[in-house]
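Read off the chains here:
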Amino acid sequence: MAFKPANKIQDLQYFGEFGGVNPSISDSSTYTFLSAKTMFDTFEGNADGCYLYSRHSSPSNLYLGEALAQMEGTEAAHVTASGMGAITPVILQLCQANDHIVASRTIYGGTYAYLKNFTPRLNISTSFVDITKLEAVEAAITKNTKILYCETVSNPLLEVANIKALAVLAKKYGLKLVVDNTFSPLSISPAQLGADIVIHSLTKFINGSSDTVGGVICASQQFIDQLRNVNDGACMLLGATMDSYRAASILKNLRTLHIRIKQHSRNALYLAEMFRNDGLKTVYPGLNTHTSHEIFADMMNPEYGFGGMLTIDVGSLEKANELMELMQSNNLGYLAVSLGFYKTLFSAPGSSTSSEIPEEEQKEMGLSDGLIRFSIGLDNDIERTYLQMKKCMQQIGVLQKVSV
Ligand SMILES: *Cc1c(COP(=O)(O)O)cnc(C)c1O
């Protein structure tokens, strides 16, 4: 039977402390114990349902985690203060000194910097590979490899990882397949395709309001318990804990995610098709010209579409900047990093979100200066948006003016 992530979120039922339809927000950092014995048991990890201290867990965070675990179809989930606050402890929980990671070379700039510059200090090394070339992935695996790391849809090149095939590889070599699914919530459910651990930056589509950072780790109960362990759990000890107020507000936004994703996808597909027809170099996984269109289509939960992210290449950074400034002054979106907002957001990744990646390597992976990344908004009238964007492109000579 097809996996229905939004149904699973909706099927959760809440009765707040006073019978409210939303769970009450837990406004406490610490919790009383009726008996000293229970406190001891809780520290030992043997008292299910008891709260200890809010860095460990809190009712509000557990509600949000439960909903996100339902969304990904994993046994459990742990919410964190940011997406990086989810990624970094997962890596440190799974790896020790002398361990090795095989990662996609086209990953979020912060994750790339962490694996390239930070974890080597702890003697954890990473080989960066073209994740779409399975032979290259397999060839990079060593006897010290512990993790296969990728993004479902990569940032900013929108390459699609073949999760099913990577899961087979991970199994063969006894690795954990860790997938950052930030770009494709609901559309793709990596855990259903064999991923061991699914991470999201909640900052983006899932919260969708560009008003907070947040993250989540969706995995087996056993792994989530390890992360929270008071003695050696990376989430517990590194301390990137989400605040209860934020957990409550993200949970409320999560309930409209399915409606938003459908609209993001519809709008992005429309613009991608129009831009391509206009002769612009357009990358969108929903276009059948996209190199991994078939792989995405094979993995997806079809009703949610191919997501809200697309890129165009306008030839040079100068043109890219000119176009973005013009679109912003015409109220077509914001010149801003991040994604998943109701308004369209655009940025030139080479000089912003992927600037951690050296220029040489940017070239090698096909990240060109003139690339503009769009997170397409929830525009009610995308035809109007398209015509206005086209006008901007014509005004600066990115598109020829065609007389009618
Ligand atoms: C933004 C982002 C992150 C980091 O999340 P924060 O919430 O900013 O810490 C990680 N991965 C991807 C794909 C992202 O887009």
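The structure presented is a predicted model; accordingly, all values stated were derived computationally and were not measured.

Caption draft 1: Focus on the site of the ligand. Around the ligand there are 13 residues in total, and Gly83, Met84, Asp180, Thr203 and Lys204 lie nearest to it. Between an oxygen atom of the ligand and a side-chain N or O atom of Ser201, the distance comes to 2.8 Å. A distance of 2.7 Å is found between an oxygen atom of the ligand and a side-chain nitrogen or oxygen belonging to Lys204. Computed on the free molecule, the ligand has an accessible area of 380 Å², of which 92% lies beneath the protein chains in the complex. In terms of residue class, the shell around the ligand is built from four nonpolar, six polar and three charged.

Caption draft 2: Representation of the domain arrangement of the protein in the model. Segmentation of the protein into domains returns domain 1 (5-254) and domain 2 (258-395). In this structure, domain 1 and domain 2 have C-alpha centres spaced 27 Å apart. A combined buried area of about 3200 Å² lies between domain 1 and domain 2, and 62% of that area is made up of carbon and sulfur atoms. Three residues, Leu158, Ser187 and Phe205, lead the burial of domain 1 against domain 2; their summed loss comes to 21% of the area buried on that side. Taken together, the links from domain 1 to domain 2 amount to one salt bridge. Notably, a salt bridge pairs Lys164 with Asp298, separated by 3.1 Å at the nearest N-O pair. The tally of links between domain 1 and domain 2 comes to 11 residue pairs in polar contact (both at pLDDT 80 or more). When contributions to the side of domain 1 that touches domain 2 are tallied by element, the ones reaching two or more residues are helix 1 (5-10), helix 5 (109-118), helix 7 (163-173) and helix 10 (244-254). Sorting elements by how many residues they give to the side of domain 1 that touches domain 2 places helix 5 first, with five residues. Classifying every residue of the side of domain 1 that touches domain 2 gives 20 nonpolar, 15 polar and five charged.

Caption draft 3: The arrangement of helix 7 in detail. Of the positions making up helix 7, those classed as buried are Ile163, Ala165, Leu166, Ala167, Leu169 and Ala170. Looking at the buried positions of helix 7, the neighbouring elements they touch are helix 6 (134-140), strand 4 (145-151), strand 5 (176-180) and helix 12 (293-299). Once helix 7 ends, the next one or two residues include Gly174, with phi positive near 70°.

Caption draft 4: How the structure looks around the sheet that holds strand 1 (residues 76-80). Taken together, seven strands build an open sheet; the order of strands is 1-7-6-5-4-2-3 and the sheet is mixed. The two strands at the open ends of the sheet, each matched to only one other strand, are strand 1 and strand 3 (125-129). Taking the axes of each pair of neighbouring strands and ignoring which way they run, one obtains an average angle of 20° across the sheet. Pairing between strand 5 and strand 6 (residues 197-201): three bridges, direction parallel. Opposite Val179, over in strand 6, you have Val198 as the bridge partner. Where helix 3 (residues 59-72) meets the sheet, it contacts strand 1, strand 6 and strand 7 (215-219), and its direction lies at approximately 125° from that of strand 1. Taken strand by strand, helix 5 contacts strand 2 (100-104), strand 3 and strand 4, and its axis lies near 130° from that of strand 3.

Cut-offs and rules
- Residues numbered from 1 in each chain as written.
- Predicted model: local features only at pLDDT ≥ 70, side-chain atom pairs only at ≥ 80, totals over all residues.
- Heavy atoms only, no water.
- Near = heavy atom within 4 Å.
- Polar contact = N/O pair within 3.5 Å; in protein donor to acceptor, adjacent residues only side chain to side chain.
- Areas by Shrake-Rupley, 256 points an atom, 1.4 Å probe, with all protein chains shown as cover.
- Nonpolar A, V, L, I, M, F, W, Y, C, P; charged D, E, K, R; others polar.
- Domains from an automatic or database assignment.
- Buried area = accessible area lost by both parts, 1.4 Å probe.
- Salt bridge = Lys/Arg side-chain N within 4 Å of Asp/Glu carboxyl O.
- Helix = DSSP H or I, 4+ residues; strand = E, 2+ residues; numbered from the N terminus.
- Buried < 20%, exposed > 50% of the residue type's maximum accessible area, 1.4 Å probe, protein only.
- Contact = heavy atoms within 4.5 Å.
- Pairing = 2+ DSSP bridges.
- Axes fitted to C-alpha atoms, helices over the stretch in contact; angles between N-to-C directions.

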